Amino acid sequence: MKIAVLGGLGLQGRAAIADLVASGVEEVVCVDTAPDGPARLDGLTDLSRVRFVVPEGAIGPALTAVLADVDAVIDLLPQPLMREAVQAAIATRTPLVTTNYGKAIAGLAQAAEQAGVAIMTECGLDPGIDLVLYARAARQFDAITAIDSYCGGIPEPKAMTKPLCYKVSWNFDMVLVSQNRDSVMVEDGRRVAVPAGQQHHNPFIHEIEVAGLGMLEAFPNGDALHYVEMLPAAKGLRRSGRYTLRWPGWSAFWAPLKELGFLSEDKVPGTGASPREFLGRLLGPQLQYGPGEKDLCVMRNVFSGLEGGRAKTVTSDLIIERDLASGLFGMSLGVGYPASIVAQMLARGEIAKPGLLNPLLDVPDVSFFDELARRGITVSETVARD
């Protein structure tokens with residue numbers, strides 16, 4: 001088996017490569033523009049099983065050449081390059097896993113189907129693991145009336161530094177970009193739009209309590225209706241939201257800065273940069289983890305509904321923490337492991353449906369969570385009935 005990882009030297013890519021090698025994949029092809037791949041992966045995995053490719057020239061033909069010689073591919077490239085990666089996968093009929101949102105390539109669905117190739121979108125942590133949980137929960141209800149999904153990357157308590165109480169375990173530019181994203185909620189059975197400008201100042205901001213951590217702040221950050229529409233059991237749904245988790249005070253910090261334009265994407269005359277880009281360059285270097293500090297990926301999904309005429313609530317909890325031995329962040333493991341697991345399923349033909357796929361509909365949940373558990377990532381589930 002040969003599997004390529006596009007963007008293999010990034011935070012998530014390194015975790016995916018390490019897992020592929022540990023899973024017994026015969027050859028892992030690391031595709032990245034950085035020329036020092038062996039040095040970056042040294043000590044993390046068996047380099048004799050990793051082949052490094054530094055693409056040259058136009059990205060499309062370079063990716064096509066790589067994908068023609070592998071059984072599956074993981075796309076961890078920046079979102080603007082997603083389309084070219086998927087087009088290369090379609091051209092070579094190579095199954096692909098991407099962690100990016102499928103909406104960006106919806107127009108390629110027919111081409112993927114005609115080519116007979118599976119393109120698994122949104123397959124990381126959030127979205128990704130949570131969507132497979134949606135599928136598992138749906139079988140436990142006759143009707144689902146509420147879904148509340150929470151996920152966030154935060155520093156462990158001893159690694160918190162004020163005023164943000166946040167450190168970077170992901171691309172900080174993308175953290176800031178996500179704060180300019182509109183959200184869609186379901187409230188009283190109706191679609192409710194939360195514009196990006198109101199993300200940190202709206203009635204949907206609240207706190208949840210997580211065992212061992214205490215109270216965390218939740219604010220809207222995603223299109224809840226998009227996933228609800230995939231679940232037949234949720235046709236009568238009354239409430240749903242997708243929330244990002246942070247230590248309390250996050251929204252109070254960002255709300256005035258957003259009002260003042262500090263997250264604007266418009267270039268400031270004479271600087272060549274937008275306020276959001278400036279903030280990324282200013283704050284990112286100050287928010288790095290020390291070698292002995294852990295990040296935590298905290299996920300909770302709460303499903304409420306009816307089973308056999310009785311009210312029922314299922315709560316799924318998951319916490320992934322940094323592996324200090326390898327240095328890999330919890331966020332990296334939470335994204336890289338699902339991508340690796342599903343890429344191997346695709347390479348073995350366990351998922352063979354052609355077209356643009358989604359973990360909620362197309363990933364076998366039992367074997368998926370078994371594989372996560374083998375990697376030390378377990379989801380705890382509690383059930384309450386009235």
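Attention in this report is confined to the structure presented alongside it.

What counts, and where the lines are drawn
Residues numbered from 1 in each chain as written. Predicted model: local features only at pLDDT ≥ 70, side-chain atom pairs only at ≥ 80, totals over all residues. Heavy atoms only, no water. Pairing = 2+ DSSP bridges. Helix = DSSP H or I, 4+ residues; strand = E, 2+ residues; numbered from the N terminus. Axes fitted to C-alpha atoms, helices over the stretch in contact; angles between N-to-C directions. 1 Å grid on protein atoms, 1.4 Å probe; cavity = no way out; pocket = protein on both sides within 12 Å on 5 of 7 lines; lining within 4 Å. Points joined across faces, edges and corners; volume = space filled by probe spheres on them. Nonpolar A, V, L, I, M, F, W, Y, C, P; charged D, E, K, R; others polar. Parallel < 35°, antiparallel > 145°, perpendicular 65-115°, else oblique. Left-handed = near helix turned anticlockwise from the far one by under 90°. Contact = heavy atoms within 4.5 Å.

1. Brief notes about the sheet that holds strand 4 (residues 72-75)
Turning to step 1, where the next piece is worked out: Taking strand neighbours across the sheet as the criterion, the seven strands line up as 3-2-1-4-5-6-15 in an open arrangement whose pairing is parallel. For this open sheet the edge positions go to strand 3 (50-53) and strand 15 (355-357), each flanked by a neighbour on one side alone. Taken over all neighbouring pairs, the strand axes of this sheet differ in orientation by 20° on average, direction set aside.
Turning to step 2, where the next piece is worked out: Where strand 1 (residues 2-6) and strand 2 (residues 27-31) come together, five bridges link them in parallel fashion.

2. With respect to the environment of Glu56
Turning to step 1, where the next piece is worked out: Tracing the backbone shows Glu56 in the loop between strand 3 and helix 3 (59-67).
Turning to step 2, where the next piece is worked out: Between the C-alpha atom of Glu56 and that of Thr33, which follows or precedes it by 23 residues, the distance is 8.3 Å.

3. Considerations on the layout of surface pockets
Turning to step 1, where the next piece is worked out: Space inside the largest pocket adds up to approximately 1,500 Å³.
Turning to step 2, where the next piece is worked out: Thr99, Asn100, Trp170, Asn171 and Met174 are, among the 49 residues lining the largest pocket, the residues nearest its centre.
Turning to step 3, where the next piece is worked out: Looking at the lining of the largest pocket, the elements with two or more residues in it are helix 1 (11-22), helix 3, strand 7 (143-155), helix 7 (172-178), strand 12 (239-246) and helix 11 (330-347).
Turning to step 4, where the next piece is worked out: Split into classes, the residues belonging to the lining of the largest pocket amount to 25 nonpolar, 17 polar and seven charged.

4. Observations concerning the packing of helix 3 against helix 4 (residues 82-92)
Turning to step 1, where the next piece is worked out: As a packed pair, helix 3 and helix 4 sit with axes 9 Å apart at the nearest point and diverge in direction by 45°. Considering the angle they form, helix 3 stands oblique to helix 4. Crossing angle aside, the handedness with which helix 3 passes helix 4 is right-handed. Contact residues: helix 3 offers Ile59, Gly60, Leu63, Thr64 and Leu67, while helix 4 offers Glu84, Ala85, Ala88, Ala89 and Thr92.
Turning to step 2, where the next piece is worked out: Grouping the constituent residues of the contact of helix 3 with helix 4 by class yields six nonpolar, three polar and one charged.

That's the geometry; what it means functionally is another story.
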